[in-house]
Amino acid sequence: MKVHGSCSDCETGDQHRATLKRRKLAPLQPGLQVVATLLALRIGYRLAKTAVGKLLAEPKVSPVDEVRHDSFHAEEHAAAADEPAGAAAREQWVACSLPAPGVPDGFKLMASQQLPISTYRFYEQFLSVEATCLQDHHRSTGQYDFRSSRWKGPEGSDRHFCRLFDFMQPRKGMCTVNAHCLQQQRFSVHPGGVFVMQTDMHMDNIPYGDCFRVQSLWKAEPDSSGRGCSVSIHVAVPFLKGCLVKGIITKTSLADCRVFFSDFLAKVRLRVRLGSVA
């Protein structure tokens, strides 16, 4: 039997044909790459849209978890109801020896107000465990399922107290789902009666929610007369990792905070002017 070629000859022929094929397709490569990229983006967008829709759906909470969550807050507020009005606020007004912190880099002024009340009255009437003004303001903006724990402390060298804010933010703007907001708050009292509150909030169930936080610094300082105080609120939006829409998130968050805090301090000013706060 006559053998027309060895295995090596076959491989050489295959390689030659593959080389010719690559040469023929070479002029088309840029166009094919563009088409492939567009196709990938199109398919990727649809898949991402479907995946995001599932991931951003309202979280399901089991009845057991709801009962535990509700009972936790019920116990907190039941304990507060047993105490005389203002008792907890007086007990928590514990001054430390450390000077009040300054405004950190990156924080921008959102709102300020001069009030004819002391820094203690501002805390007692609007931010203490007995006060509901801040909670009511949250609800007035459409936020719901609002909960807060009691202030706990004092802790650390600055003798600070801390608590948790927990609420839902209705869908708005580009966000098509409700956001679960969890905010940690801490306050401390410094020499001269300077009141400082710091907050750190993150939002779950929203696009890029794991990329950034919203932080605020509240400061109430006695004025020169000793009978009033100056309240200022600064905010920063730090990012934990890279984000394609960082500029949009920062701009939107700061704009929302500016409106929220300006309206809150305006309500505080009105209540003081109407004489509901002595």
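Everything below is about the structure shown above.
Every chain is numbered on its own, with residues counted from 1 as its sequence reads. Residue-level local features of this predicted model are given only where pLDDT is at least 70; pairs of side-chain atoms are given and counted only at 80 or more, and the full residue set underlies all totals for whole chains, interfaces and linings. Excluding hydrogens and water, the side-chain values take into account all heavy atoms of the structure.

Peer 1: Lay out the overall build of the chain in plain terms, naming residues and giving numbers.
Peer 2: Strands here are runs of E lasting at least two residues and helices are runs of H or I lasting at least four, both read from the DSSP assignment and numbered beginning at the N terminus. On a plain count of helices and strands, the chain comes out with seven helices and eight strands. The buried label goes to any residue with under 20% of its type's maximum accessible area, the exposed label to any with over 50%, and the partly exposed label to all in between, with areas taken from a 1.4 Å probe on protein chains only. The buried share of the chain, taken over its 278 residues, is 35%. Here the contacts in the chain between residues at least 6 apart in sequence split such that 63% fall between residues at least 24 apart. Surface accessibility of the chain: about 16,800 Å² in total, with carbon and sulfur atoms responsible for 59%. Here, two residues are considered to be in contact whenever any of their heavy atoms come within 4.5 Å of each other. We get accessible surface area from the Shrake-Rupley algorithm with a probe of 1.4 Å; when it comes to residues, only the shown protein chains can shield them.

Peer 1: Mind laying out helix α6 (residues 133–140), listing which residues take part and the relevant values?
Peer 2: For α6, the set of buried residues is Cys133, Leu134, Gln135, His137 and His138. Where α6 is buried, its residues contact α5 (119–126), β2 (144–148), β4 (160–169), β5 (179–190), β7 (214–222) and α7 (246–273). Positive phi shows up at Gly142, right after α6, with a value of about 100°.

Peer 1: Now, about the packing of α6 against α7: what can you tell me, with residues and values included?
Peer 2: Any two packed helices are characterised by how steeply their axes cross, that is the angle between the axes, and by the distance between the axes. Put simply, α6 and α7 touch, their axes get as near as 11 Å, and they point 130° apart. Regarding the angle of α6 to α7, the classification is oblique. Viewed along their axes, α6 and α7 form a crossing whose handedness is right-handed. Contacts between α6 and α7 involve Cys133, Leu134, His137, His138 and Ser140 from the former and Phe260, Asp263, Phe264, Lys267 and Arg271 from the latter. All residues other than Ala, Val, Leu, Ile, Met, Phe, Trp, Tyr, Cys, Pro, Asp, Glu, Lys and Arg, Gly among them, are scored as polar; the first ten of these are nonpolar and the last four charged. Looking at side-chain class alone, the contact of α6 with α7 contains four nonpolar, three polar and three charged residues. Axis definition: a line fit to C-alpha positions, over the contact stretch in the case of helices; interaxial angles, taken between N-to-C directions, run 0 to 180 degrees. Roughly parallel means an angle under 35 degrees; roughly antiparallel, over 145; roughly perpendicular, 65 to 115; everything else is oblique. Handedness of a helix crossing follows the sense of rotation of the near helix relative to the far helix, less than a right angle counterclockwise being left-handed and clockwise being right-handed.

Peer 1: Could you give me a rundown of the packing of aromatic side chains, with the residues and numbers involved?
Peer 2: The criterion for an aromatic pair is that two Phe, Tyr or Trp rings (for Trp, the six-membered ring) have centres within 6.5 Å, with stacked assigned to planes under 30 degrees apart, edge-to-face to planes over 60 apart and tilted to the rest. In this structure the tally under the stated criterion is 16 aromatic pairs. Ring centres 5.7 Å apart and planes at 35° place the aromatic pair Trp93 and Tyr123 in the tilted group. Of this pair, Trp93 sits in the loop between α4 (87–92) and β1 (108–115) while Tyr123 sits in helix α5, placing them 30 residues apart in sequence. Residue classification places Tyr123 among the buried residues on the basis of a relative accessible area of 0%. Geometrically, the ring pair formed by Phe187 and Phe195 is tilted, given 5.4 Å between the ring centres and 35° between the ring planes. Feature note: the residues Trp93, Tyr120, Phe122, Tyr123, Phe126, Trp151, Phe161, Phe187 and Phe195 constitute an aromatic cluster, connected by ring pairs.

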